[in-house]
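A closer look at the structure
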Amino acid sequence: MRNNETVMNYLNSNEFQPPITSNFPLAQVLSSMQDGVVVVDKEGTIVYANPSYTRILGVPVNRVIGRHMRNVERDARILTVLKTGRAILQEPIFLKSLGVELVADATPLYNKQGEIIGGVTIFKKSGEVVQFYEALRRLEVVKTEQPTYQERDEAFSHVVGEDKNFLDLIHRAAQAAKSPATVLLSGESGVGKEIFAEAIHKCSERADKPFVKINCAALPDSILESELFGYEEGTFTGAKRGGKCGKIEAAQGGTLFLDEIGDMSLNAQTKVLRVLQEREFERLGGHQTIRVNIRVIAATNQDLKLLVKKGKFREDLFYRINVIPLNIPALRERRQDTGPLVRYFLHQCEQVYGKKLTIDESIITNLESYHWPGNVRQLRNAVEHAVVFSKGSSIRFDAFPEEIKEHLEADMGEAHSLREEMGDNVSDTTSECEKILEALKQTNYNRSKAIELLGISRRTFYQRIKKYGISL
Ligand SMILES: Nc1ncnc2c1ncn2[C@@H]1O[C@H](COP(=O)(O)OP(=O)(O)OP(=O)(O)O)[C@@H](O)[C@H]1O
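The model shown is predicted, which means the values in this text are computed figures rather than measured ones. Within every chain, residues take consecutive numbers counted from 1 along the sequence as written. Where local features are concerned, this predicted model is filtered to residues with pLDDT of at least 70; where side-chain atom pairs are given and counted, the filter is 80 or more; whole-chain, interface and lining totals use all residues. The side-chain figures draw on all heavy atoms in the structure; neither hydrogens nor water molecules are used.

Next up on the list: the overall build of the protein. The numbering of helices and of strands both runs from the N terminus, where a helix is a DSSP run of H or I of at least 4 residues and a strand a run of E of at least 2. Regarding its fold elements, the protein presents 20 helices and 14 strands. For the protein, with 472 residues in total, the buried portion stands at 45%. In the protein, the share of contacts with a sequence separation of at least 24, taken over all contacts with a separation of at least 6, comes to 61%. Note that accessible areas follow from Shrake-Rupley with a 1.4 Å probe, and for residues the cover is restricted to the protein chains shown. Carbon and sulfur atoms provide 50% of the accessible area of the protein, an area that totals close to 25,100 Å². Accessibility here uses a 1.4 Å probe with only protein chains present; expressed as a share of the type maximum, an area under 20% marks a residue as buried, one over 50% as exposed, and anything in between as partly exposed. In this analysis, two residues are considered to be in contact whenever any of their non-hydrogen atoms come within 4.5 Å of each other.

Given below as structure tokens:
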């Protein structure tokens, strides 16, 4: 077995191959390996080396085939393996002549009679091993740091999101829920403050008691007060006979959710402050003091500290409600949640419209880069719009509302070139990630060259790098 052809016969012979691979060209498998592979016969003569051998060591294959291993690498471990019949695994090696550090596995090869017929060394550059363990470590970190969807408290199961900070927020909200403390939810309109408030209630000891919501912005002052505190019969014209129980009383034992608290008048604020401090109040026109046991969750999309500075919000009330502040980030600050939310809303629409529609991953990728001023609410409405106006079995990008369609159209050109450059599988995010890694590898991690090779914009490139957690 002194030349390559004989080696191929040898590698493909029934003696050498386990039956399962007998239909596969084993030499091709070896050629495609990123690790260097070198095979010696039982005398120690090199009978095969794969292309990675040359890539790693810089030595052409035809310069070593047929030579004795001793003359190529005097202390090669495989020579010891041939003598002892015992494998040497994960052995660090420094090849002085080439100045290369390797990690190698040297293993004997046997025939069916159990006789040694040769040996194989499989090796990597030690730098590649470090990278490999680095990648494993990152995988571990991702696994340990990101609680999974299933791990979240059942009460938060309808709060969709996978972004790490968002998951942390859910975790903190669930912890806060177990305490009686007042929670202040802040965040732009449509980020999910109400759904968080409901989840906190469901996660709390008060879950089987009422959850009562009042929107402080929607009502004029006088009505807000009567809604909150209730009234006695005959307090004002049009008052109901027998009076009316207010929202605070209705929340007895449960949770009162004061939505848009920043819009409450100073007068109403003073009264609410008393309820928070003393847990008691009187109905409008009433003299009887009513004691309540309620948990308060407040929400706002305004900067309450600024309102305090401007004299529009009572400072003492601010400190009363700001016990556990939870800020819900805008959707554009957690773009990776777009996909899970879209799929969740599609599923909801399926129940309502009886239409089962799929969505191309490239549309989701483009939706991720939209700025979503109306946050999750706007996304939910957009998906519903698209479901209504899509024909066939998949969501079409032109079925989205006008402002989003414009954005998608602008981005589509770019995505198109990405797809053309990368092949049809770009809709598969795994393959997209692989293509980017491949481009980086091919360009020796030169970002500009990788961007050029992929045919995408710098912005898209960095978005994907962030999305797939690729470290540069
Ligand atoms: N993380 C989420 N998972 C699933 N649905 C969500 C999520 N966030 C928001 N939604 C949905 O988006 C819509 C808007 O959410 P919500 O009403 O809770 O927002 P908000 O911050 O209270 O808005 P506003 O400030 O305008 O009152 C709702 O239909 C809600 O169910």
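Moving on, we get to the sheet that holds strand β10 (residues 255–259). Pairing within the open sheet is parallel, and its five strands lie in the order β7-β10-β13-β6-β14. Of all strands in the sheet, those with a lone pairing partner are β7 (211–215) and β14 (324–327), marking the two edges. Between one strand and the next, the sheet's axes are offset by a mean angle of 20°, whatever the strand orientation. Each pair of strands is called paired provided DSSP finds at least two bridges between the two strands. Every axis corresponds to a line fitted to the C-alpha atoms, with the helix fit spanning only the stretch in contact, and the corresponding angles, defined between N-to-C directions, vary from 0 to 180 degrees.

Moving on to the nonpolar core. Formed by 31 residues in total, the largest nonpolar core has its most connected members in Leu228, Ile248, Leu258, Phe313 and Ile321. It is helix α11 (residues 266–278) that contributes the most residues to this core, five residues altogether. With sequence-adjacent residues up to four places away left out, phenylalanine 313 is seen in contact with Ile261, Gly262, Leu266, Gln269, Leu304, Leu307, Val308, Phe318 and Ile321. To qualify as a nonpolar core, a set must consist of buried Ala, Val, Leu, Ile, Met, Phe, Trp, Tyr and Cys residues joined through side-chain atoms within 4.5 Å. Counting residues in hydrophobic clusters, the runner-up holds 25 residues, among them Val342, Cys349, Val376 and Leu379.

Okay, the site of the ligand next. By nearness alone, 20 residues border the ligand, and Val160, Ser189, Gly190, Lys193 and Arg380 come closest of all. Here a polar contact is taken to be a pair of N or O atoms separated by no more than 3.5 Å, where protein atoms must pair a possible hydrogen donor with a possible acceptor and residues adjacent in sequence count only if both atoms sit in side chains. With respect to the ligand, the backbone of valine 160 contributes an N or O atom lying 2.9 Å from a nitrogen atom. With respect to the ligand, the side chain of serine 189 contributes an N or O atom lying 2.7 Å from an oxygen atom. The fraction of the free accessible surface of the ligand (630 Å²) that becomes covered by protein chains is 87%. Contributions of two or more residues to the shell around the ligand are made by α8 (193–203), α14 (338–353) and α16 (375–389). Under the convention adopted here, Pro, Cys and the residues Ala, Val, Leu, Ile, Met, Phe, Trp and Tyr are nonpolar, Asp, Glu, Lys and Arg are charged, and Gly plus all remaining residues are polar. Grouping the amino acids of the shell around the ligand by side-chain chemistry returns nine nonpolar, four polar and seven charged. Nearness of a residue to a molecule or strand requires only that one of the residue's heavy atoms be within 4 Å of it.

What follows deals with the confidence of the model for the protein. Parts of the model with low pLDDT should not have their predicted coordinates read in detail. On a range of 0 to 100, pLDDT expresses the predictor's confidence in each residue. A residue-level look at the protein finds 83% of positions with pLDDT of 70 or above and a mean pLDDT of 83. Low pLDDT, under 50, characterises residues 141–150; the stretch is placed with seven contacts to residues that sit more than four places away or in other chains. Considering only residues more than four positions removed or in separate chains, one finds that residues 417–428, a stretch of pLDDT under 50, has 23 contacts. Per the prediction output, this complex has pTM 0.61; the corresponding ipTM is 0.99.

Packing of helix α7 (residues 164–177) against α8 brings their axes to within 8 Å, and their N-to-C directions diverge by 45°. The pairing of α7 with α8 is recorded here as oblique in orientation. Between α7 and α8 lies a crossing of right-handed hand. Residues Phe166, Leu169, Ile170, Ala173, Ala174 and Ala177 of α7 form the contact with α8, whose own contacting residues are Phe196, Ile200 and Cys203. Class assignment of the residues belonging to the contact of α7 with α8 gives a composition of nine nonpolar, no polar and no charged. Angular relationships are summarised with four words: roughly parallel below 35 degrees, roughly antiparallel beyond 145, roughly perpendicular across 65 to 115, and oblique for the angles in between. Crossing handedness is read from the near helix: turned anticlockwise from the far helix by less than a right angle, it gives a left-handed crossing, and turned clockwise, a right-handed one.

This part covers the pairing of strand β4 (residues 100–110). Looking at chain direction, strand β3 (residues 88–95) and β4 are connected through six bridges and run antiparallel. Across the sheet, proline 92 pairs through a bridge with valine 103, a residue of β4. In this sheet, strand β5 (residues 116–125) lies alongside β4 in antiparallel orientation, the contact comprising nine bridges. The residue of β5 that forms the bridge with leucine 109 is glycine 118. The loop that links β4 with its antiparallel partner β5 comprises five residues; one of these, glycine 114, has a positive phi angle of about 85°.

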